Amino acid sequence: MESPSFTLGKYARRAYPPVMIDFASVELSQQLLVIINAAIAAILGSAIGWERDRAGKSVGPRTMALVGASAAAIVNIGQVLDVNAKFGDPTRAMHAIITGIGFLGAGLIFQTRDSGTKGVTTAATVFATAAMGCAVGLGFQIASVGLTVIILIVLRSTHMLEITANRRHDDD
């Protein structure tokens, strides 16, 4: 007797309960691609983290490398599962990453009595690094390099503007 099937969107022809993929059947080339994408995202994340470390912020190259690499791996594995087993969905993986990064970012933001809120830019940078990792995992490696450059330009240029503004304020 056959199991009833889902009635939602692209899942309509899948048996319920869904049958998971035998991970031994995932091709070596697909597994290597996950590793390569994670490595690319780790390198790009390290560059972003290096900038944060250079600016004296709490999140550095290791954290950003881990955020980027894990986001890339999770999305890429979801994509492989979608292709091989008709079971995964990289967009669902991205939703989970966004939720997790939200919790991580919330832990980076704190209030101080003398200078107000701190850590918002670092939390946003962690979010942007996760987005870059997701892009790598989905196969947008060139776009991810561009996104990394944009992130670095925004962080460096605004940091320089803040230093200049603080110098002018101190002179007054």
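This is a predicted model, so every value here is computed, not measured.

Asker: Please clarify how the overall build of the chain should be interpreted in this entry.
Answerer: A count of helical and extended segments in the chain gives five helices and two strands. Walking the chain from its N terminus toward its C terminus, one meets helices and strands in the order α-α-α-β-β-α-α. Residue burial in the chain is summarised as follows: out of 172 residues, 34% are buried. Carbon together with sulfur atoms contributes 65% to the accessible area of the chain, which is approximately 10900 Å² in total.

Asker: I would appreciate a short explanation of the confidence of the model for the chain in the present structure.
Answerer: A low pLDDT score tells you not to read the predicted coordinates there in detail. Within the chain, residue pLDDT values average 82, and 80% of them lie at 70 or more. Of all secondary-structure elements in the chain, the lowest mean pLDDT belongs to strand β1 (residues 110–112), at 79, while helix α1 (residues 28–54) reaches the highest, 95. Contacts from residues 1–8, a stretch scored under 50 in pLDDT, to residues over four places away or in other chains number 15 contacts.

Asker: I keep staring at the packing of α1 against helix α4 (residues 120–137) and nothing clicks. Help me out?
Answerer: Helix-helix packing is characterised by the crossing angle of the two axes and by the distance between the axes. Running from N to C, α1 and α4 point in directions that differ by 160°, and their axes come no closer than 9 Å. If you check the angle between α1 and α4, you find them roughly antiparallel. Seen from above, α1 lies across α4 with right-handed handedness. Taking contact as the criterion, the partners of Asn37, Ile40, Ala41, Leu44, Gly45, Ile48 and Arg52 in α1 are, on α4, Thr121, Thr122, Thr125, Thr129, Met132, Gly133, Val136 and Gly137.

Asker: Explanation requested: α4 in the structure shown.
Answerer: Two residues of an α-helix separated by three or four positions point the same way, owing to the 3.6 residues in each turn. Across its 18 residues, α4 extends 26 Å between first and last C-alpha, which sits within 8% of the 26 Å expected from 1.5 Å per residue. Burial of α4 is extensive: 13 of the 18 residues sit out of reach of the surface. Directly beyond the C-terminal end of α4, a positive phi value near 100° is found at Gly139.

Asker: Would you mind showing me how to read the nonpolar core here?
Answerer: Core analysis: the largest hydrophobic core is formed by 22 residues, its most contacted members being Ile48, Ile97, Ile101, Val126, Met132 and Val136. Only α1, α2 (61–85), α3 (90–108), α4 and α5 (141–171) provide two or more residues apiece to this core. Sort the elements by how many residues they give to this core and α4 lands first, with seven residues. If near-sequence neighbours (up to four positions away) are discounted, Ile97 is found in contact with Ala71, Ile74, Val75, Ala130 and Cys134. In terms of nonpolar packing, the next biggest core, distinct from the first, is built from six residues, Val26, Ala38, Ala69 and Val80 among them.

Asker: I'm lost on the side chain of Thr122 in this one. Help?
Answerer: The topology assignment puts Thr122 in helix α4. When neighbours within four sequence positions are excluded, Thr122 is seen to be in contact with Arg52, Lys57, Ser58, Val59, Met64 and Leu108.

Asker: Any chance you could explain the environment of Val26 here in plain terms?
Answerer: Looking at the secondary structure, you find Val26 in the segment before α1. Overall, the relative accessible area of 10% leaves Val26 in the buried class. A sequence separation of 55 residues divides Val26 from Leu81, and the C-alpha atoms of the two residues are 8.7 Å apart.

Definitions and limits used
Residues numbered from 1 in each chain as written. Predicted model: local features only at pLDDT ≥ 70, side-chain atom pairs only at ≥ 80, totals over all residues. Heavy atoms only, no water. Helix = DSSP H or I, 4+ residues; strand = E, 2+ residues; numbered from the N terminus. Buried < 20%, exposed > 50% of the residue type's maximum accessible area, 1.4 Å probe, protein only. Areas by Shrake-Rupley, 256 points an atom, 1.4 Å probe, with all protein chains shown as cover. pLDDT = per-residue confidence, 0-100. Contact = heavy atoms within 4.5 Å. Axes fitted to C-alpha atoms, helices over the stretch in contact; angles between N-to-C directions. Parallel < 35°, antiparallel > 145°, perpendicular 65-115°, else oblique. Left-handed = near helix turned anticlockwise from the far one by under 90°. Expected span 1.5 Å × (residues − 1). Core = buried A, V, L, I, M, F, W, Y, C linked by side-chain atoms within 4.5 Å.

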